[in-house]
Amino acid sequence: MWWGGRGQSFNIAPQKEEPEMGSVQESRMPEPRSRQPSSCLASRCLPGEQILAWAPGVRKGLEPELSGTLICTNFRVTFQPWTLVHGYTALYLLTSVSGLSRVQLLRPGSLLKFIPEEIMIHGRDFRLLRVGFEAGGLEPQAFQVTMAIVQARAQSNPAQQYSGITLSKAGQGSGSRKPPVPLMETAEDWETERKKQAARGWRVSTVNERFDVATSLPRYFWVPNRILDSEVRRAFGHFHQGRGPRLSWHHPGGSDLLRCGGFYTASDPNKEDIRAVESMLQAGHSDVVLVDTMDELPSLADVQLAHLRLRALCLPDSSVAEDKWLSALEGTRWLDYIRACLRKASDISVLVTSRVRSVILQERGDRDLNGLLSSLVQLLSAPEARTLFGFQSLVQREWVAAGHPFLTRLGGTGASEEAPVFLLFLDCVWQLLQQFPADFEFSEFFLLALHDSVRVPDTLTFLRNTPWERGKQSGQLNSYTQVYTPGYSQPPAGNSLNLQLSVWDWDLRYSNAQILQFQNPGYDPEHCPDSWLTRPQPSFMIPGPPSSVWLFSRGALTPLNQLCPWRDSPSLLAVSSRWLPRPAISSESLADQEWGLPSHWGACPLPPGLLLPGYLGPQIRFWRRCYLRGRPEVQMGLSSPTISGLQDELSHLQELLRKWTPRISPEVHSKKRDPHTILNPTEIVGILKGRAEGDLG
């Protein structure tokens, strides 16, 4: 499994004074006292990184086994030249093995009791690095590198300050480097995106330019044209953490998707503030739907528990019997939570697409499930978001710039609020990719690379909780109240470039051959017409009823009397959804209720660009390539990187095709052929297509 990247690593604290092992010189790995393998000299390192120990070894678990060098630095552990990298905050288990009977689980602070013949490093991202040490006088090095990993892991501190990065490829001497994806840190970025979405009723607000409205919000965001910044400032003060209503996405048919935090009911707004809040929520629409995003979706604690159970189940030494493995997988509830997210996102997509209205996603903190649902709705409704560039821009805008607490949710602070919501979102996207393979420009390999990049220390994309922390740490902010200055125009002098590198700078960590595999070869560009985002769709968009306010809960719309909780009577919008009267769940889908279409979607065309995924039973699948990477024996049929592996997989696929022969389409089945004849790719695709049609039938 080569998806470790060329410099993928994760942040830990530098250790205190260590024996001198060499100096850090620009982008080269330092030389230890003993002979350093030449392949390591080209490796990139962070400022202050030192090699603590290294030992020659053989990477096991793959065929063929790969020779290389296991290197431990004060930042990371890597196997060169194949560069499968783990940061210490990403390590889950470290096991030392000697012979058949001596196995020791090494925890931070453990003392190794024997010279290991092999160590196994389990990552939190489900990757497994298994290295065997050769005999012949190298036993002390094997002991030294193993203990160095244990000690470095014990001293790791994920909350350590980020000090920048020195990369020769980052543009030394070039004066500037344009980010591959807009980072949404300038007013120009937001204005460009607004024009791209043709959101004419909205403008870019600069009220939070100094982060004095909310540090978790971006410096800029979209508000209705008619609302003044002074009104925005006052209105946002009546929402949890100052996260008031703002535009996430404008549908080309006229609807608007907004997101906001929960109402701060203890505040006492005056009439002008209430009118400003209502005007921002309505966004110029007569039909308003408020969606409680926490209703029917898992809590943060539920997501964390499901992910822990999933990781324990997928470890190579899992004690679950094979005949009970699927039941144990179901017991983790991970797939159930994916199903719930896709179902709710599908319903919201119908709300946005069926009528011209304002749809508001409301979550108390506005930093977790709002981002997940808003992103999924745009993937389902906007073909542009399904391109490689569009998806990266979506993640940057709805997750990074919007203030998702990546560091806390991924366990980087040691706080109790750990919950991999973003990884749950990536699994949801993978489900869409499986159901609609021709509609997405990016591939599964891209999703794996993004999944594995959430803890890389060479960028701040996923290593901070808020845009303010990210900007301050990168040197773009000198104080809390000082105006944010983009770092691209005038990089600091010297060898260490203080550039705002992002996770989207893939060429700094991956080879060109790997980046090429980010592209989905089955993508059909006709599914994303260039003019789609600016073309209205009057045949499907229906004007909403006059002055109607709704709460969407449990798949049904409930009428409300008011938008804000500060009128004469308490507003239903401010009350937790579990206290609301539950409407009976209709036997018709929300799409049936909105469009009056029959339950079988195949009889009627969907609105242009809209995808409605299946989420029942086996329609939700298990992401084997991601979660079972620690079990090479189950990766058969998932595209091996070696010739011998490809031959084995081809034999495996041909055996499956022989078993599927009775279900092959008549056109293919009518062709006489030797069952042992090797099929060309076109024939295989035809057979698989015929099988898929048979399954659907």
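Just so we're clear, the structure is a prediction, and the values are computed from it rather than from any experiment. (Residues numbered from 1 in each chain as written. Predicted model: local features only at pLDDT ≥ 70, side-chain atom pairs only at ≥ 80, totals over all residues. Heavy atoms only, no water.)

Caption draft 1: Looking closely at the packing of aromatic side chains. Scanning the model with the defined rule gives 24 aromatic pairs in all. Taking 5.0 Å as the distance between ring centres and 80 degrees as the angle between the ring planes, the aromatic pair formed by W190 and W222 counts as edge-to-face. Taken together, the positions of W190 in helix α2 (residues 187-196) and W222 in strand β10 (residues 221-224) put the pair 32 residues apart, joining distant regions of the chain. Exposure class is identical for W190 and W222. Each is buried. Summarising the aromatic geometry, the rings of W399 and F425 are spaced 5.2 Å apart at their centres and angled 40 degrees between planes, so their arrangement reads as tilted. Residue W399 is found in helix α9 (residues 388-400), and its partner F425 is found in helix α11 (residues 421-435); the two are separated by 26 residues along the sequence. (Phe/Tyr/Trp six-rings, centres within 6.5 Å; stacked < 30°, edge-to-face > 60°. Helix = DSSP H or I, 4+ residues; strand = E, 2+ residues; numbered from the N terminus. Buried < 20%, exposed > 50% of the residue type's maximum accessible area, 1.4 Å probe, protein only.)

Caption draft 2: Representation of the pairing of strand β17 (residues 548-553). Taking burial as the measure, the 6 residues of β17 include 5 buried ones, the bulk of the element. Across 5 bridges, the pairing between strand β13 (residues 287-292) and β17 is parallel. Paired with V289 across the two strands is W550, which belongs to β17. Bridge count between β17 and strand β18 (residues 556-559): 4 bridges; the pairing is antiparallel. Counterpart to S553 in the pairing with β18 is A556. Count of turn residues in the β17/β18 antiparallel hairpin: 2 residues, of which R554 carries a positive phi of about 55 degrees. (Pairing = 2+ DSSP bridges.)

Caption draft 3: Structural detail: empty space enclosed by the protein. Scanning the entire structure with this criterion turns up 10 cavities of 30 Å³ or more. The wall of the second largest cavity is formed by W190, P218, F221, W222, R246, L247, S248, R259, R397, E398, A401 and A402. Of all the secondary-structure elements, those providing two or more residues to the lining of the second largest cavity are β10, β11 (246-250) and α9. It is β11 that contributes the most residues to the lining of the second largest cavity, 3 residues altogether. Of the residues assigned to the lining of the second largest cavity, the class counts are 7 nonpolar, 1 polar and 4 charged. (1 Å grid on protein atoms, 1.4 Å probe; cavity = no way out; pocket = protein on both sides within 12 Å on 5 of 7 lines; lining within 4 Å. Points joined across faces, edges and corners; volume = space filled by probe spheres on them. Nonpolar A, V, L, I, M, F, W, Y, C, P; charged D, E, K, R; others polar.)

Caption draft 4: Seen up close, the side chain of T466. The topology assignment puts T466 in the loop between α12 (444-452) and α13 (467-473). Judged by relative accessible area, which is 5%, T466 ranks as buried. In this structure T466 touches T215, S216 and R367, once residues within four positions along its chain are discounted. (Contact = heavy atoms within 4.5 Å.)

Caption draft 5: Quick look at the environment of N270. Relative to the helices and strands, N270 is located in the loop between β12 (256-260) and α4 (271-282). Spatially, the C-alpha atom of N270 lies 10.0 Å from that of R234, the residues being 36 residues apart in sequence. In this structure the side chain of N270 is engaged in a polar contact, spanning 3.1 Å, whose partner is the backbone nitrogen of E272. In this structure the side chain of N270 is engaged in a polar contact, spanning 2.8 Å, whose partner is the backbone nitrogen of D273. (Polar contact = N/O pair within 3.5 Å; in protein donor to acceptor, adjacent residues only side chain to side chain.)

Caption draft 6: View of the nonpolar core. If you look at the biggest cluster of nonpolar residues, it comprises 81 residues, and the most contacted ones within it are L376, L379, F391, F422, F425, F446 and L447. Looking at this core, the element that brings in the most residues is α11, giving 11 residues. F446 has contacts with L388, F391, Q392, W504, W506 and F518, leaving out every residue within four places of it along the chain. In terms of nonpolar packing, the next biggest core, distinct from the first, is built from 37 residues, F221, W222, V223 and A283 among them. (Core = buried A, V, L, I, M, F, W, Y, C linked by side-chain atoms within 4.5 Å.)

Caption draft 7: Layout of the state of the cysteines. A complete count under the given rule lists 0 disulfides for this structure. Looking at the unpaired C341, the closest cysteine sulfur is the one in C428, lying at 4.6 Å. The class of C341 is buried, set by a relative accessible area of 0%. Looking at C626, it has no disulfide partner, and the nearest cysteine sulfur is the one in C314, 8.8 Å off. (Disulfide = S-S within 2.5 Å.)

By themselves, these figures tell us nothing about what the structure is for.
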